[in-house]
Amino acid sequence: MPLRYAIASGSYYNPVIWDSGLGVPTASDDVFANRQRIEITSSVTARTFQNSSTGSILDGGTFIVTGSGIVLTGNISGSNSPTNSSAHWTVQVTGSGTEATIVGSIISANNASTSNYALYSYVFTTCSIVGNVSMNNVNNVRCVGTDGLMNITGSVLSTVGSRDYVGVVIFGTTARLNISGSISQTNGNFTAHCLYGSGDVNLIGQVTQSNFNSYALYITNPGILKTYNLVGSFLLSNQSPIYCLAPNAVLNIYPTITRLNNGISFTVREFGTWNFL
């Protein structure tokens, strides 16, 4: 697994911007942005896409995905340095009408910054993730903007995080999120944090919560109507898996509810309209 890194900003497909005159990275390479802005306008494959630091490779930089029908194959890993202002987004999906598919897992680095994201999907984009989303003490995936859509086929998992708002963050007036998998929270605070926006959130899978004073799904949106369709099963331990602070939210819940260790009530500390169907 060779390490490859950019030495200048520019097109991913331009051999001149890559280290040691070795040309464009191959599918077996670990590719580092090295504090550069790398433009991706057609499908690419690598072992990983990273903006962390290692050896002489600098942290920061972004792989910018723009265009329609783009498939980015490989795992995406977030930066391990929250101090560098250019380290915020490893992969940015942007541009009106952009449609991108990520075939690989989204893995956060071990830092404590709530403004660092392994994947940042921006205004008027559709981003589909075929893989798991896991985080370690950092925000990981953020879908931002009007009429943005994010589809995740896989699991959203928080195991050791201790920061608020880890996981999937949804902003924007009509941003929408579909998760076909599971949301589990075993140690950190919030795994899937749906903040602001008026679009729908659809979950098909299992929601698991096993740590006190933390929630698998955290909803805060006091002024806008949002609908959450939750189909699957809920496994509870010490806390309710959902914390809703949005009086105008509508939660349609179709689950099998299992309380572990005599966990407290499912409907603790919630606002909004809850429909158990």
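Residues numbered from 1 in each chain as written. Predicted model: local features only at pLDDT ≥ 70, side-chain atom pairs only at ≥ 80, totals over all residues. Heavy atoms only, no water.

Student: Lay out the overall build of the chain with the relevant residues and their values.
Tutor: Within the chain one finds zero helices and 26 strands. When each of the 277 residues of the chain is scored for burial, the buried share is 53%. Pairs at least 24 apart in sequence give 71% of the contacts found in the chain among residues at least 6 apart. If you sum the accessible surface of the chain, you get close to 10500 Å²; carbon and sulfur atoms cover 53% of it. (Helix = DSSP H or I, 4+ residues; strand = E, 2+ residues; numbered from the N terminus. Buried < 20%, exposed > 50% of the residue type's maximum accessible area, 1.4 Å probe, protein only. Contact = heavy atoms within 4.5 Å. Areas by Shrake-Rupley, 256 points an atom, 1.4 Å probe, with all protein chains shown as cover.)

Student: Break down the nonpolar core for me, with residues and values.
Tutor: Judged by nonpolar contacts, the single largest core of 45 residues is most densely connected at Tyr12, Phe63, Leu119, Ile152 and Leu251. Setting aside its immediate chain neighbours within four residues, Ile152 contacts Ile129, Gly131, Val133, Val168, Leu177, Asn178, Ile179 and Ser180. (Core = buried A, V, L, I, M, F, W, Y, C linked by side-chain atoms within 4.5 Å.)

Student: Would you mind going over unusual backbone geometry in detail, with residue names and values included?
Tutor: Even without a glycine there, the phi angle at Asn34 is positive, about 55°. Summarising the element assignment, Asn34 is placed in the loop between strand S3 (30-32) and strand S4 (37-40). On the basis of relative accessibility, which here comes to 9%, the residue Asn34 falls in the buried class. One non-glycine residue, Arg35, lies in the positive phi region at around 65°. Here Arg35 lies in the loop between S3 and S4. The class of Arg35 is partly exposed, set by a relative accessible area of 36%.

Student: Give a detailed account of a nonpolar patch on the surface, specifying residues and quantitative values.
Tutor: Where nonpolar side chains cluster on the molecular surface, the patch consists of Val71, Val103 and Val130 and spans about 190 Å² of accessible area. Checked against the element boundaries, Val130 lands in strand S12 (residues 126-130). (Patch = residues over 30% accessible without salt bridge, like charges linked within 9 Å, V, L, I, M, F, W, Y side chains within 5 Å. Salt bridge = Lys/Arg side-chain N within 4 Å of Asp/Glu carboxyl O.)

Student: Account for the pattern of salt bridges, naming residues and giving values.
Tutor: Applying the stated criterion to the full structure yields four salt bridges. The salt bridge partner of Arg4 is Asp29, with a shortest N-O separation of 3.7 Å. In this pair, Arg4 sits in strand S1 (residues 3-5) while Asp29 sits in the loop between strand S2 (10-11) and S3, placing the two residues 25 residues apart along the sequence. The exposure class of Arg4 is buried, given its relative accessible area of 5%. According to the relative accessible area criterion, Asp29 is buried, its value standing at 3%. For Arg35, the salt bridge identified is with Asp59, shortest N-O distance 2.6 Å. Of this pair, Arg35 sits in the loop between S3 and S4 while Asp59 sits in the loop between strand S5 (44-50) and strand S6 (62-65), and the two are 24 residues apart along the sequence. When its relative accessible area of 9% is taken as the criterion, Asp59 is described as buried. One network of salt bridges, with partners in common, ties together Arg4, Asp19 and Asp29.

Student: Help me get a handle on the packing of aromatic side chains, residues and values and all.
Tutor: Evaluation of the coordinates by the stated rule reveals five aromatic pairs. Measuring from ring centre to ring centre gives 5.8 Å for Tyr12 and Tyr13, while their planes differ by 65°; the resulting arrangement is edge-to-face. A relative accessible area of 2% means that Tyr12 is categorised as buried. Here Phe49 and Phe63 contribute two aromatic rings whose centre-to-centre distance is 5.5 Å and whose plane-to-plane angle is 80°, an arrangement assigned as edge-to-face. Linking Phe49 in strand S5 with Phe63 in strand S6, this pair joins segments that are 14 residues apart in sequence. Among the residues examined, Phe49 registers a relative accessible area of 0% and is labelled buried. Residue classification places Phe63 among the buried positions, given a relative accessible area of 0%. Among the aromatic residues, those joined into a ring-pair cluster are Tyr12, Tyr13, Trp18, Phe49 and Phe63. (Phe/Tyr/Trp six-rings, centres within 6.5 Å; stacked < 30°, edge-to-face > 60°.)

Student: Tell me about the side chain of Ser77, residues and numbers included.
Tutor: With respect to the element layout, Ser77 can be found in strand S7 (residues 70-77). Residues in contact with Ser77, not counting those within four places in the same chain, are Phe49, Gln50, Asn51, Thr90, Ile107 and Ala118.

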